[in-house]
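Given next are the chains, with one letter for each unit.
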Amino acid sequence: MTAGITDAVHTVNAPTVMGLLPARPRLLALGEPTHGADVLLELRNDLFRQLAERDGYRTIAIESDCVLGLIVDDYVTSGTGTLDEVMERGFSHEWGAFAGNRELVRWMRAYNDGRPLAEQLRFAGFDGPLEITAAASPRQTLTALHAYLATWVDADLLPCTAESLDRLLGADDRWTNPAAMRDPSRSVGQTHDAEQLRLLADELVALLDAQTPQLIAASTREDWHRARLYGRTAIGLLRYHFAMADTSPSRMARLLGVRDSMMAANLLAIAERVPALVNAHNGHLQRDRSRMRMGDLPVEWWSAGAIVNAHLGQGYAFLATALGTLRRHGVNSPPPDTVEGLLYALPENRYVVDARRLATALANVTPASRVSQWFGYSPLDPAHVANTDGIIFVKDA
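Residues numbered from 1 in each chain as written. Predicted model: local features only at pLDDT ≥ 70, side-chain atom pairs only at ≥ 80, totals over all residues. Heavy atoms only, no water.

## What about the pattern of salt bridges?
Pairs can form between side chains of opposite charge whenever their charged atoms are close. This is how the line gets drawn: Here a salt bridge means any side-chain nitrogen of Lys or Arg lying within 4 Å of a carboxyl oxygen belonging to Asp or Glu. Each residue's exposure class comes from its accessible area (1.4 Å probe, protein chains only) as a fraction of the maximum for that residue type: buried when under 20%, exposed when over 50%, partly exposed otherwise. Only DSSP runs of H or I reaching four residues or more are called helices, and only runs of E reaching two or more are called strands; each is numbered from the N terminus.
This model, assessed by the stated rule, comprises 24 salt bridges. For the salt bridge of Asp113 with Arg109, the shortest nitrogen-to-oxygen distance reads 3.6 Å. Relative accessible area serves as the criterion here: at 54%, Asp113 is assigned to the exposed category. Across the pair Asp396 and Arg327 runs a salt bridge, and its minimum N-O distance is 3.9 Å. Taken together, the residues span a long stretch of sequence, with Asp396 in strand E10 (residues 390-396) and Arg327 in the loop between strand E8 (316-325) and helix H16 (339-344) at a distance of 69 residues. On the basis of relative accessibility, which here comes to 31%, the residue Asp396 falls in the partly exposed class. Salt bridges linked by common partners bring Asp73, Asp74, Arg122, Glu222, Arg226 and Arg273 together as one network.

## Here we look at the pairing of strand E4 (residues 122-127)
When you tally the buried positions in E4, you get 6 out of 6 residues, the bulk of the element. The alternating pattern of E4 places Arg122, Ala124 and Phe126 on one face and Phe123, Gly125 and Asp127 on the opposite face, and all of these are buried.

## Quick look at the domain arrangement of the protein
The condition is simple: As used throughout, domain bounds are those supplied by an automatic or database domain assignment. Buried area is calculated as the accessible area (1.4 Å probe) missing from two parts once they are joined, with the contributions of both summed. Any N or O atom pair separated by 3.5 Å or less is treated as a polar contact, with the protein-specific requirement of one donor-capable and one acceptor-capable atom, and with residues adjacent in sequence counted only for side-chain atom pairs.
Annotation of the protein at the domain level lists domain 1 (1-131 + 263-396) and domain 2 (135-250). Of the roughly 1,300 Å² buried between domain 1 and domain 2 on both sides combined, carbon and sulfur atoms contribute 57%. Run the count over domain 1 and domain 2 and you get 5 salt bridges. With a shortest N-O distance of 2.7 Å, Arg273 and Glu222 are connected by a salt bridge. The tally of links between domain 1 and domain 2 comes to 6 residue pairs in polar contact (both at pLDDT 80 or more). Elements that contribute at least two residues to the side of domain 1 that touches domain 2 include exactly helix H4 (69-78) and helix H13 (251-271).

## A look at the sheet that holds strand E5 (residues 276-281)
Stated formally: At least two DSSP bridges between two strands are required for those strands to pair.
In spatial order, the strands read E1-E9-E10-E8-E2-E5-E3-E4; together these 8 strands make up an open sheet with mixed pairing. Here the strands that pair on one side only, and so sit at the sheet edges, are strand E1 (9-10) and E4. With 4 bridges joining them, strand E2 (residues 27-32) and E8 adopt parallel strand pairing. Pairing of Leu28 across the sheet is with Ala317, part of E8.

## Observations concerning the packing of helix H10 (residues 192-210) against helix H12 (residues 221-244)
This is how the line gets drawn: In this analysis, axes come from line fits to C-alpha atoms, helices being fitted only over the stretch in contact, and the angle between any two N-to-C directions falls in the range 0 to 180 degrees. The cut-offs work like this: below 35 degrees is roughly parallel, past 145 is roughly antiparallel, 65 to 115 is roughly perpendicular, and the gaps in between are oblique. By convention the crossing between two helices is left-handed if the near helix lies anticlockwise of the far one by an angle smaller than a right angle, and right-handed if it lies clockwise. Two residues qualify as a contact provided that any one of their heavy atoms is within 4.5 Å of a heavy atom in the partner residue. Gly counts as polar in this scheme, as do all residues outside two lists: the nonpolar Ala, Val, Leu, Ile, Met, Phe, Trp, Tyr, Cys and Pro, and the charged Asp, Glu, Lys and Arg.
Relative to each other, H10 and H12 sit at 155°, their axes nearing to 10 Å. By the angle between their axes, H10 is roughly antiparallel relative to H12. Once H10 is placed against H12, the crossing between them reads as left-handed. Across from Ala194, Leu197, Arg198, Ala201, Asp202, Val205 and Leu208 in H10, the residues of H12 making contact are Trp224, Ala227, Arg228, Gly231, Ile235, Leu238, Arg239 and Phe242. The residue makeup of the contact of H10 with H12, split by class, is 10 nonpolar, 1 polar and 4 charged.

## What about unusual backbone geometry?
For His93, which is not a glycine, the phi torsion comes out positive at approximately 55°. Tracing the chain through its elements places His93 in the loop between helix H5 (83-89) and helix H6 (99-112). Not every positive phi belongs to a glycine, and Glu94 is a case in point at roughly 65°. Structurally, Glu94 can be placed in the loop between H5 and H6. Among the residues examined, Glu94 registers a relative accessible area of 68% and is labelled exposed.

## Quick look at the nonpolar core
Selection rule: Nonpolar core, defined: a set of buried Ala, Val, Leu, Ile, Met, Phe, Trp, Tyr and Cys residues in which side-chain atoms within 4.5 Å join the residues together.
Membership of the largest hydrophobic core comes to 45 residues, with the highest contact counts inside it found for Leu28, Val105, Met108 and Phe123. Residue contributions to this core peak at 7 residues, all from helix H3 (residues 38-54). Here Val105 is in contact with Val72, Tyr75, Val76, Leu83, Val86, Met87 and Phe91, once residues within four sequence places are set aside.

## Digging into a nonpolar patch on the surface
Condition: Any residue with relative accessible area above 30% and no salt bridge may belong to a patch, with like charges joined within 9 Å and the nonpolar Val, Leu, Ile, Met, Phe, Trp and Tyr side chains within 5 Å. With residues, only the protein chains shown are counted as cover, and all accessible areas are computed by Shrake-Rupley using a 1.4 Å probe.
Side chains of Met292, Met294 and Leu297 sit close together on the surface and give an oily, nonpolar patch of about 230 Å² of accessible area. With respect to the helices, strands and loops of the structure, Leu297 is situated in strand E7 (residues 297-302).

## Thoughts on helix H7 (residues 139-152)
Since the α-helix advances by 3.6 residues per turn, residues separated by three or four positions end up pointing in the same direction. We apply this condition: A helix is expected to span 1.5 Å for every residue after the first. By definition, the arc is the one covered by directions from the helix axis to the C-beta atoms.
For H7, built from 14 residues, the straight-helix expectation of 20 Å at 1.5 Å per residue is met to within 8% by its first-to-last C-alpha distance of 20 Å. Taken together, the buried positions of H7 are Thr141, Leu142, Leu145, His146, Tyr148 and Leu149. Along H7, the residues classed as buried sweep out an arc of 160° about the axis, all on the same side. Facing away from the buried side of H7 by more than 90 degrees, the exposed set consists of Gln140 and Thr151. Where H7 is buried, its residues meet helix H8 (162-169), H10, helix H11 (212-218) and H12.

Set out below in structure tokens:
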């Protein structure tokens, strides 16, 4: 079995990664089992540089707020703002504090400097404007979509005025109330105003679609893409707030499903334009159905990767990342009967594994599931190995 595993191991670089795949995917997804590990961000940055210079990848999309990501994209393409401002304002989940993300943005700006837009690298967030404890008000995205349409289409085609939107939205803090995450009765997501806003958001997106030829000709294709992003996000936020007000046992599954559905919609929109490297938690990018327990209640939903894979087929590829140790968080050497333990026994410090060849080598073995004592690290699920294109293994983080 050791020989079979060794045969599946390769150096981590773009040529070996692409060699695992039948064709260049539109979306190459690089998962991670924990957030913020310096070695994983450095590995991601190195791989993106190679993919950009060798394989024509022009966008990197990370698990951060899709609207805030526009701030980063403006900086890397046109130098709008300063690096410090962009790192502070352009990321959610405090991702802007990570040195690896700062280096990525700095390098992208330097790469783009002096290049025509068609040859520049682009940055995208693909998560919704969501945090663990709250979701954003739909105000920013709804009003931005309305303002774009009001600029370029006849006023009598608009389903509402800016003033009526403002009245229905009300104060933003009623949308962002963190108490609503634990108490559905504190959510405004199923109020009459929220129901009206969902109808108006649908009408505005329908108008955006119906007026596509005129809008692209009158404004720019880039502005039209941004308006589509605003529309997707507004509708997704309103769905999410609706689910926050749900009192049924399926509430958490619905919330998790809406979030990953929003991610998938953003990834599919990115895939329409140029090949992209995607970086997020393994759980958001896997092809398999996601499962977790919330207290005594099992929760299941489809991840963004599973949804995108269903749409793109071979246009989507997924590399999971696994770690041997993360000692500062008490994640020590893996048990030898786990997938991580088998890979940890090999001499190299980091490598990419042909996951399907590994699955063949393990055909007569049932690896144990690794258990992490730290909530922030998610071990590799042995049952997912065969449904993964490759595994990047880092021995010590």
